Amino acid sequence: MTRKELPELLLPAGNLEKLKTAILYGADAVYVGGERFGLRARADNFSLEELKKGADFCHLRGRKFYVVLNAFLHDKDMLDLPDFVKYLSEIAVDAVIVADIGVLKLVKRESDLKIHLSTQSCCLNSYAASFWKECGVERIVLGREVSIEEAQRIKKSAEVEVEMFVHGSMCISYSGQCVISNYTAARDSNRGGCAHSCRFEYSFGKKKSFFMSSKDLMGIKLLPLFCKCGIDSLKIEGRMKSQLYVATVAKAYRQLLDCYDLLLSDANLWAKQLNEMEEELRRIPYRDYVDGNLLSKAQHDSVYYQEGESGEKDRYMLVGHIVSVLQNEMVLIEVKNAFTVGEWLEILPFKGRYIKLQVENICSLKNIKLQKCKPNTLVKIKYLDGMEKGNIIRKKK
Amino acid sequence: MIKIVTYLSNHQDLLLMDSMETGNSIEVEVEVILSSKIFSLLSTLEIAELISLALECKKRKYISRLLLEIDILMTEDRLQLFKSEITSVETLFNTVFDAVRIKDLGALKFILERYPEIDVELILDNGPHNLQGIEAFVDQIGEKLKRVIVSAQLSKSSLIKYANKLKVPLEILVLGRILLFYTPRKLLSYVDMDKYAEATSEESFHKNFQIIESAHGTIMFYPKDLCLLSYIDYFYQSCGEKINFRFDLREGNKLVIFDDIFKYFKYISRESCENSKSDSSDLLEKIKNRYAQECKTLIRGHIEENKTDSIFKKLKNYHLQKSKVDCLYVGKVLEVEKGSYMVVMIENKNLVLKVGDMIKIINPLGKEILFNVNKIENIEDLQELQTTEDNDLILLPFCKGVSPGSLIYF
Ligand code: SF4
């Protein structure tokens, strides 16, 4: 299968930095939010200028750039939307992701933008998909309750592109059907205010349980099935998540998708690659992985009956990213988390295995030698073969 | 004519309703919603029981319309099953059931295609929350759509505006439980609980959630019920029959108050003109008190004003938002080395920063600092530069009060 024939790999980008990381690590497309109209009130989100930069960055590399407008808007929120939609059209956004039919109609009226239906609309079957297609939707992000095999039938029957979540956190509720925060915290979960009440521990008399906290989705081992069933796009959740998350997940799924043909020629090698990538995905924060409803209906083992995250001991943290390679001798790093001389770092190349590096020297921008660097600084360290601008650097926690 | 819509769960409910004086009004119509456990989150009726109850209801003159409710969501496999399940009641369409009310858009589309003669009502209990959205559904579905059941998130001003503009009436929940979420997962069975439970968390306002599990998954209700009784008169005066009023009295003995509700509507419709205003207020109090025996705390929800977005402004650092959309935005400060330099990322390809320029820096606390650019250095080789380009990383001399994340503009 050529890259064009494979499903699109769609990554989240909470800001411009993460967008670049997603694209450099292999995303075919990214989805981002503007400062309003999206579902992540607390994510960084993109200013108008950044949206243009993001679109240009993607288009220059032949990738797609989608903007989420997936909040359920109230009348007053709609007032400024026409101008924003016109702007998105001007900067040649490839599609907008919409949940609210009022927003959908407004986008159609004000622009020629392609429309993808957000998972928040909870489209779960072929008749609903046909309904939305008649409304002008070109792609449907199916609810996470739909299996891959059902998605294949929906696509065939409604003759519409289908996108499925393949990785990331999951709502315990049908998407768009939870209003806990609206009543407990006066925050509209369908306008980005979810307070994650489903993650709390609850007591039932004497019994206590995190009974409604969902585990995270991981569908990497099902990539062959996604490909076989002709799913158009594979979506990674997490606009609020870190740059390390974006790099790790993009890299893992890209690498596996790119060696899809191996599955036919050398299944053992493919399985080895799969193991390696699954291991990588366990190095970022997660709440136990499950395949959700992708094969069959999620059961008891899809609930995460504990607090916090899994796999603490194998966890890595972001050190920073390479801002520039200086004459193949040093690399300039924007530091997010401190490190010291003597520590082991791992550089994630865009392709292939990570590069291990024991820090011998740290230099400031003015070439002063340091024993330790601080977050939010730029420092230089030794260059090793394979390091490139944009590479993410991590270390064990 | 005022329309009241309510549920009947079984034959006992019907007998209770029979015993009330609900049949003597020319101004107030009672519509009844029925369902079966295969179509509904809360119904416990088998199909045969539904049919028998529906036939009985049909004999009652005081029931003006009989409605079949299908409020479950359906994945593709479930919808295929539904297509055969619905045949068990199809003969009742238009003979017994006057309309089908549906939440899942796919199921709705299927019903419209397969049974083009039956009227439908659309359950939009989670939105849209804008007129254009509701209008779009009304237009898209067409003339068989006879009513929309709207969200409890809408304020009274929105409801009145929508009711007066839409081609079909709205239905609002006046009294009943507030559904907080719905999942297909069987959350109570998973932890060996009964099918009904009350859950409390230590987080504030997360107490006594009522949780119910059925064949379709798990639903959760807010511990306080919605009560908009005192708004009925206002809505009726503002919109007449364009707003219909739903009472969800399915839990416990709540249905016993329906006779008082009916009486109250007669007052509202001015049918009982012999009664004074104070009589109707007394009656409202009586309804609330009787209802309070089942649910102590009642709330008005978002009816006065929906403020569920007001906190969003506080979640963001406004100082770091406003300047980024300004056309004079230059870039941002990545690092500050006290007494020595600042690292700046240039982020505007239409502007050139030059030695001698006066710039304004806004730090994350919102403080504005004017700064004269007297030196620019290239970050890689520390060579002095006269101008910059988009995406350049440069060094500027240190400026007091500036911290990483500060934004720069002309
Ligand atoms: S509280 Fe949980 S289920 Fe509800 S919207 Fe938030 S994440 Fe989803």
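None of these values were measured; they are calculated from a predicted model.

*Asks:* What is the right way to look at the overall build of chain B in this model?
*Replies:* When its secondary structure is counted, chain B shows 12 helices and 22 strands. For 410 residues, the compact-globule formula gives about 22 Å, and the C-alpha radius of gyration of chain B, at 30 Å, lies well above that figure. Dimensions of chain B, computed from C-alpha atoms along their principal axes, come out at roughly 95 × 55 × 45 Å. For chain B, with 410 residues in total, the buried portion stands at 56%.

*Asks:* What is the right way to read the overall build of chain A from this model?
*Replies:* Along its length, chain A carries 12 helices and 20 strands. Structurally, chain A occupies a C-alpha span of about 60 × 55 × 50 Å along its principal axes. Here chain A holds 397 residues, and 65% of them are scored as buried. Expressed as a percentage of contacts within chain A between residues at least 6 apart in sequence, the contacts between residues at least 24 apart total 68%. Taken as a whole, chain A presents about 14700 Å² of accessible surface, with 49% of it coming from carbon and sulfur. Taken together, the 60 basic and 52 acidic charged side chains of chain A have centroids lying 4 Å from each other.

*Asks:* Help me understand the site of the ligand, please; the structure alone is not making it clear to me.
*Replies:* Inspection of the region around the ligand gives Cys171, Ile172, Ser173, Cys178, Cys194, His196, Ser197 and Cys198 of chain A as its neighbouring residues. Of the residues belonging to the shell around the ligand, the class tally is five nonpolar, three polar and no charged.

*Asks:* Can you walk me through the sheet that holds strand S16 (residues 341-346) of chain B in this structure?
*Replies:* Within a sheet, neighbouring strands are paired by backbone hydrogen bonds and run either parallel or antiparallel to one another. Residue and element names in this part refer to chain B. Ordered by their spatial adjacency, eight strands build an open sheet running S18-S17-S22-S15-S16-S21-S19-S20, and the pairing between neighbours is antiparallel. With partners counted over all chains shown, the strands left at the sheet margins are strand S18 (368-372) and strand S20 (384-385), one partner each. As judged from the two bridges shared by strand S19 (residues 376-378) and S20, these two strands associate in the antiparallel manner. Pairing of Ile376 across the sheet is with Leu385, part of S20.

*Asks:* So what exactly am I meant to see when it comes to the interface of chain B and chain A here?
*Replies:* Interface extent is often summarised as the accessible area lost during association of the parts. On the side of chain A, 93 residues touch chain B, which itself brings 89 residues to the contact. The contact between chain B and chain A buries some 7800 Å² in all, and 57% of this surface belongs to carbon and sulfur atoms. The largest per-residue losses of area from chain B upon contact with chain A belong to Glu76, Arg185 and Tyr190 of chain B, which jointly make up 9% of the total buried on that side. Counting the contacts that link chain B with chain A gives eight salt bridges.

*Asks:* Just to check I follow, could you spell out the packing of helix H5 (residues 131-141) of chain B against helix H6 (residues 156-165) of chain B for this structure?
*Replies:* In helix packing, the relevant descriptors are the interaxial angle and the interaxial distance, both defined with respect to the helix axes. Residues and elements named next belong to chain B. Packing of H5 against H6 brings their axes to within 11 Å, and their N-to-C directions diverge by 35°. Handedness of the H5/H6 crossing: right-handed. Here Leu131, Ile134 and Glu135 of H5 lie close against H6, whose contacting residues are Lys161, Tyr162 and Lys165. Class assignment of the residues belonging to the contact of H5 with H6 gives a composition of three nonpolar, no polar and three charged.

*Asks:* Honestly, the environment of Glu388 of chain A in this entry has me stumped. Any pointers?
*Replies:* All names here are of chain A. Position of Glu388 relative to the elements: it lies in the loop between strand S19 (377-382) and strand S20 (392-396). Using a relative accessible area of 41% as the deciding quantity, one classes Glu388 as partly exposed. Sequence-wise, Glu388 and Phe350 are 38 residues apart; in three dimensions their C-alpha atoms are separated by 8.2 Å.

*Asks:* Help me understand helix H2 (residues 48-60) of chain A, please; the structure alone is not making it clear to me.
*Replies:* One turn of an α-helix holds 3.6 residues; hence residues three or four places apart share an orientation. Residues and elements named next belong to chain A. Under the 1.5 Å per step criterion, the end-to-end length of H2 is 18 Å for 13 residues, consistent within 8% with the ideal 18 Å. Restricting attention to buried positions, one finds in H2 the residues Glu50, Leu51, Lys53, Gly54, Ala55, Phe57 and Cys58. Following H2 by one or two positions, Gly62 has its phi on the positive side, about 70°.

*Asks:* Please clarify how the sheet that holds strand S9 (residues 196-201) of chain B should be interpreted in this entry.
*Replies:* Ordered by their spatial adjacency, six strands build an open sheet running S9(A)-S8(A)-S9(B)-S10(B)-S11(B)-S8(B), and the pairing between neighbours is antiparallel. If you trace the sheet from one side to the other, it starts and ends with strand S9 (207-209) of chain A together with strand S8 (179-183) of chain B, each paired once. Within this sheet the neighbouring strands show an average axis-to-axis angle of 30°, counted without direction. Relative to S9 of chain B, strand S8 (residues 202-204) of chain A runs antiparallel, the two sharing two bridges. Looking across to S9 of chain B, one finds that Tyr202 of chain A is bridged to Ser201 of chain B.

*Asks:* So what exactly am I meant to see when it comes to unusual backbone geometry here?
*Replies:* Glycine aside, residues mostly have negative phi, and peptide bonds are mostly found in the trans state. Residue Pro128 of chain B follows Gly127 of chain B across a cis peptide bond; omega there is 15°. Within the element layout of this structure, Pro128 of chain B appears in the loop between strand S5 (119-123) and H5. A positive phi angle is found at Ala92 of chain A, which is not glycine, with a value near 60°. Following the sequence through the fold, Ala92 of chain A ends up in the loop between helix H4 (81-90) and strand S4 (95-98). Of note, the phi angle at Asp288 of chain A is positive, near 45°, even though the residue is not glycine. In this fold, Asp288 of chain A is placed in the loop between helix H12 (267-281) and strand S12 (289-290).

*Asks:* For this particular structure, what's the right way to read the domain arrangement of chain B?
*Replies:* If you check the domain split of chain B, you get domain 1 (2-177 + 226-299), domain 2 (179-223) and domain 3 (316-409). Each of domain 2 of chain B and domain 3 of chain B was reduced to a C-alpha centroid, and the two centroids are 52 Å apart.

*Asks:* Got a minute to help me understand the packing of helix H5 (residues 101-110) of chain A against H5 of chain B in this structure?
*Replies:* Axis separation between H5 of chain A and H5 of chain B bottoms out at 7 Å; the angle between their running directions is 85°. The angle between the axes of H5 of chain A and H5 of chain B places the two elements in the roughly perpendicular class. Contacts between H5 of chain A and H5 of chain B involve Ile101, Gly102, Lys105, Leu106 and Arg109 of chain A on the former and, on the latter, Gln132, Gly133, Ala136, Phe137 and Gln140 of chain B. When the residues that make up the contact of H5 of chain A with H5 of chain B are grouped by side-chain class, the tally is four nonpolar, four polar and two charged.

*Asks:* Is there a simple way to explain the nonpolar core in this structure?
*Replies:* Note on soluble globular proteins: their nonpolar side chains tend to be buried together. Judged by nonpolar contacts, the single largest core of 230 residues is most densely connected at Val30, Leu69, Trp132 and Tyr253 of chain A together with Ile86 and Phe247 of chain B. Of the residues forming this core, the biggest block, 10 residues, is contributed by helix H10 (residues 243-258) of chain A. Taken domain by domain, the makeup of this core includes at least three residues from each of domain 1 (2-177 + 226-299) and domain 2 (179-223) of chain B. The residues touching Phe247 of chain B, leaving out its near neighbours within four places in the chain, are Ile4, Val5, Thr6, Tyr7, Val174, Leu175, Leu229, Ile232, Ile261 and Phe265 of chain B. Judged by nonpolar contacts, the second largest core, of 19 residues, contains Val344, Leu353, Ile359 and Phe371 of chain B.

*Asks:* Help me out: how do you make sense of the pairing of strand S7 (residues 170-176) of chain B in this one?
*Replies:* The two faces of a sheet get side chains in turn, since along a regular strand they alternate between them. All names here are of chain B. A large share of S7 lies buried, amounting to seven of its seven residues. Taken together, the two bridges between strand S6 (residues 145-149) and S7 define a ladder with parallel strand orientation. Bridge pairing in S7 links Val148 to Leu170.

*Asks:* Looking at this structure, I do not really get the pairing of strand S11 (residues 233-236) of chain A. What am I missing?
*Replies:* Residues and elements named next belong to chain A. Burial along S11 is two-sided: the residues Ser233 and Lys235 and Leu234 and Ile236 are all buried. For strand S1 (residues 8-12) and S11, the ladder comprises three bridges, and the chain directions are parallel. Across the sheet, residue Leu9 finds its bridge partner in S11, namely Leu234. In the sheet, strand S7 (residues 161-168) pairs with S11 via four bridges, with the strands oriented parallel. Considered in S11, the bridge of Phe165 is made with Lys235.

*Asks:* In this structure, what is going on with the pattern of salt bridges? I would like to understand it.
*Replies:* Side chains bearing opposite charge may pair, as long as their charged atoms lie close to each other. Taken as a whole and judged by the stated rule, the model has 66 salt bridges over all chains. Salt-bridge contacts for Asp77 of chain B lead to Arg153 of chain A; the nearest nitrogen and oxygen are separated by 2.5 Å. In this pair, Asp77 of chain B is assigned in helix H3 (residues 76-85) and Arg153 of chain A in helix H7 (residues 148-158), connecting two distinct chains. Linking Arg65 of chain B and Glu121 of chain B is a salt bridge whose minimum nitrogen-to-oxygen distance equals 3.2 Å. Residue Arg65 of chain B is located in strand S3 (residues 63-70), and its partner Glu121 of chain B is located in strand S5; the two are separated by 56 residues in the primary sequence. Several salt bridges share partner residues, and in doing so they unite Glu31, Arg65, Glu69, Arg101, Glu121, Arg147, Glu171 and Arg246 of chain B into one network.

*Asks:* Honestly, the packing of aromatic side chains in this entry has me stumped. Any pointers?
*Replies:* The geometry of an aromatic ring pair is captured by the separation of the ring centres together with the interplanar angle, meaning the angle of the planes. Under the defined criterion, the tally for this structure stands at 19 aromatic pairs over all chains. Measuring from centroid to centroid gives 5.6 Å for Phe131 of chain A and Trp132 of chain A, while their planes differ by 85°, and the two rings are edge-to-face. Residue Phe131 of chain A shares its accessibility class with Trp132 of chain A, and that shared class is buried. Centroid distance Phe39 of chain B to Phe82 of chain B: 5.8 Å. Interplanar angle 80°. Geometry classified as edge-to-face. Residue Phe39 of chain B is found in the loop between strand S2 (28-34) and helix H2 (47-59), and its partner Phe82 of chain B is found in helix H3; the two are separated by 43 residues along the sequence. The class of Phe82 of chain B is buried, set by a relative accessible area of 0%. A connected cluster of aromatic rings, assembled from ring pairs, spans Tyr127 of chain A together with Phe39, Phe82 and Phe110 of chain B. The ring of Phe165 of chain A is capped by Arg144 of chain A, whose NZ or CZ atom sits 3.7 Å from the centre of that ring.

Conventions adopted
- Residues numbered from 1 in each chain as written.
- Chains lettered and ligands numbered in written order.
- Predicted model: local features only at pLDDT ≥ 70, side-chain atom pairs only at ≥ 80, totals over all residues.
- Heavy atoms only, no water.
- Helix = DSSP H or I, 4+ residues; strand = E, 2+ residues; numbered from the N terminus.
- Rg over C-alpha atoms; globule rule 2.2 N^0.38 Å.
- Buried < 20%, exposed > 50% of the residue type's maximum accessible area, 1.4 Å probe, protein only.
- Contact = heavy atoms within 4.5 Å.
- Areas by Shrake-Rupley, 256 points an atom, 1.4 Å probe, with all protein chains shown as cover.
- Lys, Arg positive; Asp, Glu negative; His and termini not counted.
- Charge placed at Lys NZ, Arg CZ, Asp CG, Glu CD.
- Near = heavy atom within 4 Å.
- Nonpolar A, V, L, I, M, F, W, Y, C, P; charged D, E, K, R; others polar.
- Pairing = 2+ DSSP bridges.
- Buried area = accessible area lost by both parts, 1.4 Å probe.
- Salt bridge = Lys/Arg side-chain N within 4 Å of Asp/Glu carboxyl O.
- Axes fitted to C-alpha atoms, helices over the stretch in contact; angles between N-to-C directions.
- Left-handed = near helix turned anticlockwise from the far one by under 90°.
- Expected span 1.5 Å × (residues − 1).
- Domains from an automatic or database assignment.
- Parallel < 35°, antiparallel > 145°, perpendicular 65-115°, else oblique.
- Core = buried A, V, L, I, M, F, W, Y, C linked by side-chain atoms within 4.5 Å.
- Phe/Tyr/Trp six-rings, centres within 6.5 Å; stacked < 30°, edge-to-face > 60°.
- Lys NZ or Arg CZ within 6 Å of the ring centre and 35° of its normal.

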